[in-house]
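One-letter residues, chain by chain:
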Amino acid sequence: MTLHRRTVERDVRELGALLGNVIEGQASTDAYEVVESLRTAAIDYRRGDADSRDPLRETVEDLDPATESAVARAFTSYFELVNLAEERERIRAIRSASQEGSLADSLGAAVDELAAADVDAATVESLLDDVLIEPTFTAHPTEARRKTVKSKLRAVTRHLETLDERLLTDTEEAQVKRDIDAEVTSLWQTAQVRDRRPEPGDEARNVQWYLENTLFDVTGEVYAEFEEALGERFEDVSIPQLFQFRSWAGSDADGNPYVTPTVTTETLDRQRSVVVERYRDELKRLSGVVSQDGRRIVVDDEFEDRLAADRERFPSIAGTAAERYPNEPYRQQLRLMRERLVRVGDVRPGGYENADELVADLDALAASLRANGAGTVATAHVDPLRRQVATFEFQLASLDLRDHRENHTTAVAETLDRQGVEYEKMDEDERVATLTDAVLQEEPVIDVDDRDGVSGTTETVLERFTSLAGWQREYGSDAIDTYCISMTEEPSHVLEVLFLADQAGVVSLPDHSGLDVVPLLETESALSGADRIMGTLFENEAYAAAVAARGGTQEIMLGYSDSNKENGFLAANWELHRNQRRLGEIVADYDVSLRLFHGRGGSISRGGGPMNEALRALPNSTVTGEVKFTEQGEAIAEKYATPRIAERNLEQMLNAQLLARHDAVEQPTEDVPAAWADAMDAMASAAREEYRDLLESEGFVEFFGQATPIGVIEDLNLGSRPASRSGERTVEDLRAIPWVFSWTQARCILPGWYALGTGIETYLDEGAAGTAATDRAERVEVLREMYAEWPFFRTTLDNAALSLARTEMEVAESYAGMADEALAGTFFPRIRDEYERAVEHVTAVTDRDSLVRRDWLLEGLDRRNPYVDPLNVLQIHLLRQDERTEAEERALRLTVKGIAAGMKTTG
């Protein structure tokens, strides 16, 4: 069977030719010829047909501002189109492997692996009861494309799918290609750079789009596929809810003063309206399917009772439905169910109180269909909708609140001070005792509604907690039931949030807690002090009661981004892994269930990389079945913009989490030889020392500012949140995203590998305590054994290898050339030496010639690199200008977008 009619080479070739025609027609023949000369010069150098990049530089230096803009737009548009072509190729690979039965990490593969391990049906059901996967979408500012641009690119995607998967006449094919031409022309004429910074509401709507238009549809398909795969191997296994989607967009106030309670209210209201409307549409569609004649079927008592209750609830509408659908009980019931949905959140009575009531109605309909021999109708049309309702409920995605711990401390200190309690002067033990007593006593200590005379920070915090009680009443407690505390360092930082929630009426111990209070551990001191922080909390009477009221589960968030920025790639990864194991031991000691929340970014340096591999590499002691992780920036579009790829991502997550949970049940603590841990200790310690020495060297911050486009990135309208916490240009104050984004633009992805080579070399030269390897050759073999047998180490090295492969030292040297000569002479050779050291050791340990182990990825890099080069040269040329015209500023910002598209990553 021929599934596809095209190849990635053909797509790239035809899209590139089309773009060339558009450039010539919309800009000028001269502009087109300049773009072509830059393209061929870059390719010639990459192929070895030219001795240097001088022709490239010389051409760029002679450009006028208008042509600079045309060049930047041309290569940016090219990458956006190439990304679509590569996405289509990924879909071809998925579909072909699925057809051949060779798709790795599939749901069928997970079921086969469990069956091969002689797992019985009861055990499979027990494993599934444990599993809950919670992707959490954030509004972190790493999406470089405008929504309008994304809409046009999605249209091109649909047309490419038509050309690839449908058999067309010559006329039909010509019409589709005409439509692609129109979209590319429109894309060229559309502004690529935002004229304004997006507001939190814009970011919330962006996240909502993926939930509404992709995930809502594919989630039911994933369940259906899984049910079919299970049914082939195991009998009578019921599948519980396995996915829940969450979001920070519109509710994450950490460092973002624009996320107000009003924004959160609007987000909650809009999400409810959107998902309820989708349910109404689905019920209307279903009404076209279940047209069974009531005289030819037998309606059971449960269905009849529900229909009678709804007729009594809405007699007028029931009469209209009976007239329109005489002798069609299913259609009549669906019309009444639609009316109940209309009244969700309405002042009129009769609406569904919660999603469980809608699920019960759908269950009754499915059971009646099956009883009347229409099981296939229930399976094909009712069951997927039931899964959608169980997953998205009436909130589409549950919101997490988040703020910096300093703001809570300020609010608590000010409000208690008004009651004569000098909280600010207390030490940690005194603060814990005071907060505990306040939570446990019945009478409130402060009035959260009284905000007269307090600081702006305190007013904002109090308003949020007052609103929280109202949100839970209006939208349901599940709609917004988690509060994350950034930069948690002490137990009191967690108890402060519990105290404020208690004073607002969201918590009433010991019977009720409407909030999961989640410490975010992201600094070295917080991670290393996790046992002290969590142990104190679990032994605290008030907090222990709150955890018990939440079902005995404690969610703990780990910050990958700031940990990496503080400690460097290798040390941060080891510290996070080691402390995850420690957290697993701590919760076990206190008989508490753990749900880890992994604060991962899209880039390797911020915890990115293949999610299924990351899930399989977690310590067994932390794999309780429930897992939560952030999805950010352009990674959201890459994973969830296209239905088939979104479905594939969910499949891989479920495959990994199910098998990881089975491994954890079989072996609660994996066997990691002491020699491996000792080797990691030695490597991480040396790596952290080298990384910190670089950051703390005099002049490094100035070098970073001069040798990367950080100044441009800080002014880009990528997100509503400021680029730094205080506006100061320091590595500590700078947010992790601009830090990584800047190095990525300079083609020196330092945060993803720096000091790795030093760490490995130190171990090879000096060994580690507890290892029997006595010479360098034996230590190399230890590391190769670790790579082959330890998923954590393998994933860490593979991710670093990817960052190394995307680094181009020759290009990075050109950026370093913008810095003061003394700074460049001090820092760039050091960075280059570390890069070469890392490449040498990574390839030696992985025992392969290339950094990249996937052929398709290597092909993609080879395809992209020659086209990124002109953008880098143009960006450097523009950055060197002491003064830039408005046109040159636009061109410069556009090069940032283009390089991000070419590298397929920002921060």
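Just so it is clear, the model here is predicted, and its values are computed rather than measured.

Colleague: Any chance you could explain the overall build of the chain here in plain terms?
Modeller: From N to C terminus, the chain includes 38 helices and 10 strands. Reported as C-alpha extents along the three principal axes, the dimensions of the chain are approximately 85 × 80 × 65 Å. Counting only residues that meet the buried cut, the chain has 59% of its 907 residues in that class. Counting only carbon and sulfur atoms, one obtains 43% of the accessible surface of the chain, whose full area is about 35,500 Å². On the chain, the mean spot of the 100 positive side-chain charges and the mean spot of the 173 negative ones are 6 Å from each other.

Colleague: Looking at this structure, I do not really get a negative patch on the surface. What am I missing?
Modeller: Together, Glu9, Asp855, Glu859 and Asp862 make up a region of like negative charge exposed at the surface. For the negative patch, the element with the highest residue contribution is helix H37 (residues 855-879), accounting for 3 residues. Relative to the helices and strands, Asp855 is located in helix H37.

Colleague: How should I be thinking about the packing of aromatic side chains in this particular structure?
Modeller: Within a pair of aromatic rings, the relevant descriptors are the distance that separates the centres and the angle that separates the planes. A full pass over the atoms with the stated rule returns 29 aromatic pairs. Summarising the aromatic geometry, the rings of Trp739 and Trp743 are spaced 5.9 Å apart at their centres and angled 85 degrees between planes, so their arrangement reads as edge-to-face. Here Trp739 pairs with Trp743, and both are found in helix H31 (residues 736-745), just 4 residues apart, close to one helical turn. By the ring-pair criterion, three or more aromatic residues cluster together here, those being Phe137, Phe216, Tyr223, Phe243, Phe245, Tyr279, Phe392, Phe394 and Tyr640. In this arrangement the basic side chain of Arg154 is found over the ring face of Trp209, its NZ or CZ atom lying 4.0 Å from the centre. Across the ring face of Tyr223, the terminal group of Arg387 is positioned such that the distance to the ring centre comes to 4.6 Å.

Colleague: How should unusual backbone geometry be read in this particular structure?
Modeller: Glycine aside, the phi torsion of most residues is negative, and most peptide linkages are trans. For the bond from Leu509 to Pro510, the omega torsion is 10 degrees, close enough to zero to count as cis. The topology assignment puts Pro510 in the loop between strand S5 (507-508) and strand S6 (512-513). For Met487, which is not a glycine, the phi torsion comes out positive at approximately 55 degrees. You can call Met487 buried: its relative accessible area is 15%.

Colleague: Would you take a moment to explain the sheet that holds strand S2 (residues 246-247) for this structure?
Modeller: Through backbone hydrogen bonds, the strands of a sheet pair up, either in parallel or in antiparallel fashion. Pairing within the closed barrel is parallel, and its 8 strands lie in the order S1-S2-S3-S4-S7-S8-S9-S10. As defined by bridge partners, S2 adjoins strand S3 (residues 398-404) across 2 bridges and the pair is classed as parallel. Residue pairing across strands places Ser247 opposite Leu399, the latter belonging to S3. Strands in contact with helix H23 (residues 560-567) are strand S8 (553-559) and strand S9 (593-599); relative to S8, the strand with the most contacts, it is inclined by about 40 degrees.

Colleague: Is there a simple way to think about the packing of helix H19 (residues 491-503) against helix H21 (residues 530-538) in this case?
Modeller: Any two packed helices are characterised by how steeply their axes cross, that is the angle between the axes, and by the distance between the axes. As a packed pair, H19 and H21 sit with axes 9 Å apart at the nearest point and diverge in direction by 40 degrees. Taken together, the axes of H19 and H21 are oblique relative to one another. Contacts from Pro491, Val494 and Leu495 in H19 reach Arg532, Ile533, Thr536 and Leu537 in H21. Split into classes, the residues belonging to the contact of H19 with H21 amount to 5 nonpolar, 1 polar and 1 charged.

Colleague: So what exactly am I meant to see when it comes to the pairing of S9 here?
Modeller: The side chains of a regular strand alternate between both faces of the sheet. Most of S9 is tucked away, with 6 of its 7 residues classed as buried. Two elements, S8 and S9, share 7 bridges in a ladder whose sense is parallel. Bridge assignment links Met557 to a residue of S9, and that residue is Phe597. Relative to strand S10 (residues 626-631), S9 runs parallel, the two being bridged by 3 bridges. Each bridged residue has a counterpart across the sheet, and for Phe597 the counterpart in S10 is Lys628.

Colleague: I keep staring at the nonpolar core and nothing clicks. Help me out?
Modeller: Grouped burial of nonpolar side chains is what soluble globular proteins tend to show. Ranked by size, the top nonpolar core spans 124 residues in total, and within it Met683, Phe703, Met786 and Phe793 carry the most contacts. Not counting the four nearest positions on each side in its chain, Phe703 is found in contact with Trp743, Ala816, Ala819, Leu823, Ala824, Phe827, Phe828 and Ile831. Within the second largest apolar cluster, 88 residues are counted, among which are Val124, Val131, Leu286 and Val359.

Colleague: Would you mind showing me how to read the pattern of salt bridges here?
Modeller: Opposite charge on two side chains permits them to pair, given that their charged atoms come into close proximity. Across all of its chains, the model carries 82 salt bridges by this definition. The shortest N-O distance in the salt bridge between Glu339 and Arg335 comes to 3.8 Å. Taken as a pair, Glu339 and Arg335 lie in helix H13 (residues 329-342) at a separation of 4 residues, close to a single helical turn. A relative accessible area of 24% places Arg335 in the partly exposed class. In this structure, Arg616 engages Asp663 in a salt bridge whose closest nitrogen and oxygen atoms are separated by 2.9 Å. Taken as a pair, Arg616 in helix H25 (residues 611-616) and Asp663 in helix H27 (residues 643-666) lie far apart in primary sequence, 47 residues in all. Arg616 gets classed as partly exposed once you look at its relative accessible area, which sits at 31%.

Colleague: I tried to follow the packing of helix H9 (residues 200-233) against helix H10 (residues 261-287) on my own but got confused; where do I start?
Modeller: Running from N to C, H9 and H10 point in directions that differ by 20 degrees, and their axes come no closer than 11 Å. One finds that H9 runs roughly parallel with respect to H10. Taken as a pair, H9 and H10 cross one another with a handedness that is right-handed. Facing Pro200, Gly201, Ala204, Arg205, Gln208, Glu212, Phe216 and Asp217 of H9, the residues of H10 in contact are Val263, Thr267, Arg270, Gln271, Val274, Val275, Arg278, Tyr279 and Glu282.

Colleague: What exactly am I supposed to notice about helix H12 (residues 315-324) here?
Modeller: Side chains of residues three or four places apart in an α-helix project in the same direction, reflecting 3.6 residues per turn. Within H12, the full set of buried residues consists of Ile317, Ala318 and Ala321. Angular distribution of buried residues about the axis of H12 spans 100 degrees; they occupy a single face of the element. Set apart from the buried face of H12 by more than 90 degrees, the exposed residues are Pro315, Ser316 and Glu323. Where the residues of H12 are buried, they touch helix H11 (301-313) and H13.

Colleague: Would you explain the environment of Ile749 in this entry?
Modeller: On the secondary structure map, Ile749 appears in the loop between H31 and helix H32 (756-766). Each C-alpha atom of the pair Ile749 and Ala805 lies 9.4 Å from the other, and the pair is 56 residues apart in sequence. Filtering out sequence-adjacent residues up to four positions away, Ile749 remains in contact with Trp743, Thr744, Ser803, Arg806, Thr807 and Met903.

Colleague: Please explain the side chain of Arg331 as it appears in this structure.
Modeller: Note on placement: Arg331 falls in helix H13. Among the residues examined, Arg331 registers a relative accessible area of 18% and is labelled buried. Setting aside its immediate chain neighbours within four residues, Arg331 contacts Ser287, Gly288, Val290, Ser291 and Tyr325.

Colleague: In this structure, what is going on with helix H38 (residues 886-903)? I would like to understand it.
Modeller: Compared with an ideal rise of 1.5 Å per residue, which puts 18 residues at 26 Å, H38 spans 26 Å between its outermost C-alpha atoms and is within 8% of the ideal. Most of H38 sits inside the fold, with 14 of its 18 residues counted as buried. Two residues or fewer past H38, Lys904 is found with a positive phi of approximately 55 degrees.

Colleague: What is the right way to look at the side chain of Gln657 in this model?
Modeller: If you trace the backbone, Gln657 turns up in helix H27. When neighbours within four sequence positions are excluded, Gln657 is seen to be in contact with Val131, Ile133, Leu615, Val623, Gly625, Glu626 and Val627.

Colleague: Honestly, the pairing of S8 in this entry has me stumped. Any pointers?
Modeller: For S8, a buried count of 7 out of 7 residues is recorded, marking the element as mostly surrounded by other parts of the structure. In the sheet, strand S7 (residues 516-521) pairs with S8 via 2 bridges, with the strands oriented parallel. Looking at the pairing, Leu521 lines up with Leu558 of S8.

Cut-off values and rules
- Residues numbered from 1 in each chain as written.
- Predicted model: local features only at pLDDT ≥ 70, side-chain atom pairs only at ≥ 80, totals over all residues.
- Heavy atoms only, no water.
- Helix = DSSP H or I, 4+ residues; strand = E, 2+ residues; numbered from the N terminus.
- Buried < 20%, exposed > 50% of the residue type's maximum accessible area, 1.4 Å probe, protein only.
- Areas by Shrake-Rupley, 256 points an atom, 1.4 Å probe, with all protein chains shown as cover.
- Lys, Arg positive; Asp, Glu negative; His and termini not counted.
- Charge placed at Lys NZ, Arg CZ, Asp CG, Glu CD.
- Patch = residues over 30% accessible without salt bridge, like charges linked within 9 Å, V, L, I, M, F, W, Y side chains within 5 Å.
- Salt bridge = Lys/Arg side-chain N within 4 Å of Asp/Glu carboxyl O.
- Phe/Tyr/Trp six-rings, centres within 6.5 Å; stacked < 30°, edge-to-face > 60°.
- Lys NZ or Arg CZ within 6 Å of the ring centre and 35° of its normal.
- Pairing = 2+ DSSP bridges.
- Contact = heavy atoms within 4.5 Å.
- Axes fitted to C-alpha atoms, helices over the stretch in contact; angles between N-to-C directions.
- Parallel < 35°, antiparallel > 145°, perpendicular 65-115°, else oblique.
- Nonpolar A, V, L, I, M, F, W, Y, C, P; charged D, E, K, R; others polar.
- Core = buried A, V, L, I, M, F, W, Y, C linked by side-chain atoms within 4.5 Å.
- Left-handed = near helix turned anticlockwise from the far one by under 90°.
- Arc of directions from axis to C-beta.
- Expected span 1.5 Å × (residues − 1).

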